[in-house]
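Residues per chain, in single letters:
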Amino acid sequence: MAAQRTIGIDVGGTKILAGVVERDGTVLRTERRDTPVESTEAFLAGLAEVVDSLRDDSVAAVGIGIPSTIDQREGTSVFSVHVPLEGVPLRERGERYLGLPVAIDNDANAAAVAEWTIGAGRGTQHMVMLTLGTGIGGGLILGGRLYRGASGAAAELGHMVLEFDGPECRGFCTGRGHFEYFASGSAANEVADELFGPESDSRQLVAAARDGDERAVGALTQMGRKLGAGMASLVNIFDPEAIVIGGGFGDALDLLLQPAMETLRRDALPPGRDRVRILAAELGEEAGMVGAGLIAFEKLEG
Ligand SMILES: [Zn+2]
């Protein structure tokens, strides 16, 4: 029998990136299109089109990574801000639509699996992934496997409390003082607005800091300290071998790392704080797609 492959689909708020994935994480061919957000039906039809354009007889399952909190018991997405999937039993409906076994997961979990398998975290047994984007996505590899928690919703590391009674979190979250309020790409966008005007975003902030603009360097130093505080808690709780930093704003890791490490060394306990490696993600925007494909292989085991 020919080797089985999967299709990994990374669903973003604006784009879908899909590819045929082999068991070792190799991507054979990819497809990209706009995310249909008008309705759940349009979304599922769009997924079916992408899958049809990629599938051949070797494709045995589909993995879908979505920017939503997942309830794996029901196969549903619980909160879904950017795509029309809230409360939708995506796993079951996807299997009916596509005629293949379907695995679903949070997009940051998918990215964590990919970075752990073939990216910056390969070779580790205990790894934390943080994707610094609109929010902060989180994924945990513990004891050599993805940790999903009791209901499948873990790990929402971006909603870790950094400041009691602090500023209101973003989007659906009712929390205050959460990690992603302080250290996400959105947080950097807001800092850029304050420094350079309302049309500015994190890219300008980072570029200005690289050019030596003192205000930009100062702002990113502050954000780096907060990133370090969050990472210190993760080190204290999980004692990981590595924390892998990805996402669009993760590209600024070289500017954030030194202040982050100063805080981490203060706030985290030995021996974890002295052993943990902070690594830049290696797979870029393909991480979610590759990871979704790798997670789909779970459907073919046992
Ligand atoms: Zn929150």
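Residues numbered from 1 in each chain as written. Predicted model: local features only at pLDDT ≥ 70, side-chain atom pairs only at ≥ 80, totals over all residues. Heavy atoms only, no water.

Visitor: Can you walk me through the coordination of the zinc ion in this structure?
Guide: Each donor-metal-donor angle would ideally measure 109.5 degrees in four-coordinate tetrahedral geometry, or 90 or 180 degrees in six-coordinate octahedral geometry. Taken together, His 159 (ND1), Cys 169 (SG), Cys 173 (SG) and His 178 (ND1) make up the protein donors of the zinc ion, found 2.0 to 2.3 Å from the metal. Metal-centred angles of 100 to 115° between the four donor atoms at the zinc ion mark the site as tetrahedral. Written as a sequence motif, the donor residues of the zinc ion are H-x9-C-x3-C-x4-H. Here His 159 is found in the loop between β10 (145-146) and α4 (179-183), whereas its partner Cys 169 is found in the loop between β10 and α4, with 10 residues between them in sequence. Here the two residues His 159 and Cys 169 agree in accessibility, since each one is buried. (Donors = N, O, S within 2.8 Å, 3.2 Å for Na, K, Ca; no water. Tetrahedral: all angles 85-135°; square planar, octahedral: opposite > 155°, others 65-115°. Helix = DSSP H or I, 4+ residues; strand = E, 2+ residues; numbered from the N terminus. Buried < 20%, exposed > 50% of the residue type's maximum accessible area, 1.4 Å probe, protein only.)

Visitor: Mind showing me how you'd approach the environment of Met 231 here?
Guide: Here Met 231 lies in helix α7 (residues 214-238). Classification of Met 231 by relative accessible area gives buried; the value is 0%. In this view, Met 231 contacts Leu 130, Phe 179, Ile 243, Ile 245, Ala 260, Leu 264 and Ile 278; residues no more than four positions away in its chain are not counted. (Contact = heavy atoms within 4.5 Å.)

Visitor: Would you explain the packing of helix α3 (residues 107-118) against helix α10 (residues 287-296) in this entry?
Guide: Any two packed helices are characterised by the angle at which their axes cross and by the distance between the axes. At a closest axis distance of 7 Å, the pairing of α3 and α10 adopts a crossing angle of 85°. Our classification of the angle between α3 and α10 gives roughly perpendicular. Residue-level inspection shows Asn 109, Ala 110, Ala 111, Val 113, Ala 114, Glu 115, Thr 117 and Ile 118 of α3 in contact with α10, the latter providing Ala 287, Gly 288, Val 290, Gly 291, Ala 292, Leu 294 and Ile 295. Residues of the contact of α3 with α10, tallied by class, amount to 10 nonpolar, four polar and one charged. (Axes fitted to C-alpha atoms, helices over the stretch in contact; angles between N-to-C directions. Parallel < 35°, antiparallel > 145°, perpendicular 65-115°, else oblique. Nonpolar A, V, L, I, M, F, W, Y, C, P; charged D, E, K, R; others polar.)

Visitor: When you look at the side chain of Ser 184 in this model, what are you seeing that I'm missing?
Guide: Relative to the helices and strands, Ser 184 resides in the loop between α4 and α5 (185-196). Engagement of the side chain of Ser 184 in a polar contact is seen with the backbone oxygen of Glu 180, the distance being 2.7 Å. Apart from the residues within four sequence positions on either side, Ser 184 is in contact with Gly 133, Thr 134, Gly 135, Ile 136, Arg 170, Met 223 and Phe 249. (Polar contact = N/O pair within 3.5 Å; in protein donor to acceptor, adjacent residues only side chain to side chain.)

Visitor: Hey, could you run me through the sheet that holds strand β9 (residues 136-142) in this one?
Guide: Hydrogen bonds between backbone groups are what pair the strands of a sheet, and the pairing can be parallel or antiparallel. The five strands lie next to each other as β10-β9-β8-β11-β12, forming an open sheet whose pairing is mixed. Bordering the open sheet on either side are β10 and β12 (277-280), each of which pairs with just one other strand. When β9 meets β10, the two strands line up antiparallel, connected through two bridges. Looking across to β10, one finds that Leu 142 is bridged to Arg 145. (Pairing = 2+ DSSP bridges.)

Visitor: What is the right way to look at a nonpolar patch on the surface in this model?
Guide: A surface patch of nonpolar side chains, amounting to about 330 Å² of accessible area, comprises Val 78, Phe 79, Val 81 and Phe 172. Locating Phe 79 in the fold gives a position in strand β6 (residues 76-80). Exposure remark for Phe 79: the relative accessible area of 35% places this residue in the partly exposed category. (Patch = residues over 30% accessible without salt bridge, like charges linked within 9 Å, V, L, I, M, F, W, Y side chains within 5 Å. Areas by Shrake-Rupley, 256 points an atom, 1.4 Å probe, with all protein chains shown as cover. Salt bridge = Lys/Arg side-chain N within 4 Å of Asp/Glu carboxyl O.)

Visitor: Would you mind showing me how to read the pattern of salt bridges here?
Guide: Working definition: two side chains of opposite charge can pair if their charged atoms are close together. For the structure on display, the rule yields 22 salt bridges. Asp 52 is the partner of Arg 55 in a salt bridge, and the nearest nitrogen-oxygen pair spans 4.0 Å. Across the pair Asp 105 and Arg 148 runs a salt bridge whose closest N-O atoms are separated by 2.7 Å. Here the residue Asp 105 occupies a position in strand β7 (residues 102-106), and Arg 148 occupies one in the loop between β10 and α4, the gap between them amounting to 43 residues. For Asp 105, a relative accessible area of 1% corresponds to the buried category.

Visitor: Could you clarify how one ought to interpret the packing of helix α1 (residues 40-54) against helix α2 (residues 90-98) in this entry?
Guide: Look at α1 against α2: their axes get within 10 Å of each other, and the N-to-C directions meet at 50°. The angle between α1 and α2 places the two elements in the oblique class. The interaxial crossing formed by α1 with α2 has right-handed handedness. Along the contact surface, α1 presents Thr 40, Glu 41, Phe 43, Leu 44, Ala 45, Leu 47, Ala 48 and Val 51, while α2 presents Leu 90, Arg 93, Tyr 97 and Leu 98. Looking at the contact of α1 with α2 residue by residue, the classes come out as nine nonpolar, one polar and two charged. (Left-handed = near helix turned anticlockwise from the far one by under 90°.)

Visitor: Honestly, the packing of aromatic side chains in this entry has me stumped. Any pointers?
Guide: The geometry of an aromatic ring pair is captured by the separation of the ring centres together with the interplanar angle, meaning the angle of the planes. Inspection of every chain in the model, using the stated rule, returns one aromatic pair. For the pair Tyr 181 and Phe 182, a centre-to-centre distance of 5.2 Å together with 85° between the ring planes defines the contact as edge-to-face. (Phe/Tyr/Trp six-rings, centres within 6.5 Å; stacked < 30°, edge-to-face > 60°.)

Visitor: Help me understand the pairing of strand β5 (residues 68-71) in this model?
Guide: The two faces of the sheet receive side chains in turn, since in a regular strand these alternate between them. One ladder, built from four bridges, connects β5 with β6; its direction is antiparallel. For Ser 68, the partnering residue across the bridge sits in β6 and is Ser 80.

Visitor: Before we go on, may I ask you to explain α1 in this structure?
Guide: Quick reminder: α-helices carry 3.6 residues per turn. Residues three or four places apart thus point the same way. With 15 residues, α1 ought to run about 21 Å at 1.5 Å a step, and its terminal C-alpha atoms sit 22 Å apart, in line with that. Summarising the contacts, the buried residues of α1 are in contact with β1 (5-11), β2 (15-21), β3 (27-34), β4 (59-66) and α2. (Expected span 1.5 Å × (residues − 1).)

Visitor: What am I meant to see in the sheet that holds β1 here?
Guide: Taking strand neighbours across the sheet as the criterion, the five strands line up as β3-β2-β1-β4-β7 in an open arrangement whose pairing is mixed. The open sheet has two free edges, formed respectively by β3 and β7, since each of these has just one partner strand. Between one strand axis and the next, the sheet turns by 20° as a mean value, whatever way the strands run. Of the strand pairs in this sheet, β1 and β2 are connected by six bridges, and their pairing is antiparallel. Looking at β2, one finds that Gly 8 is bridged to Gly 19. Helix-sheet contacts for α3 involve β1, β4 and β7, and the interaxial angle to β7 is about 100°.

Purely spatial values, then, with no claim about function.
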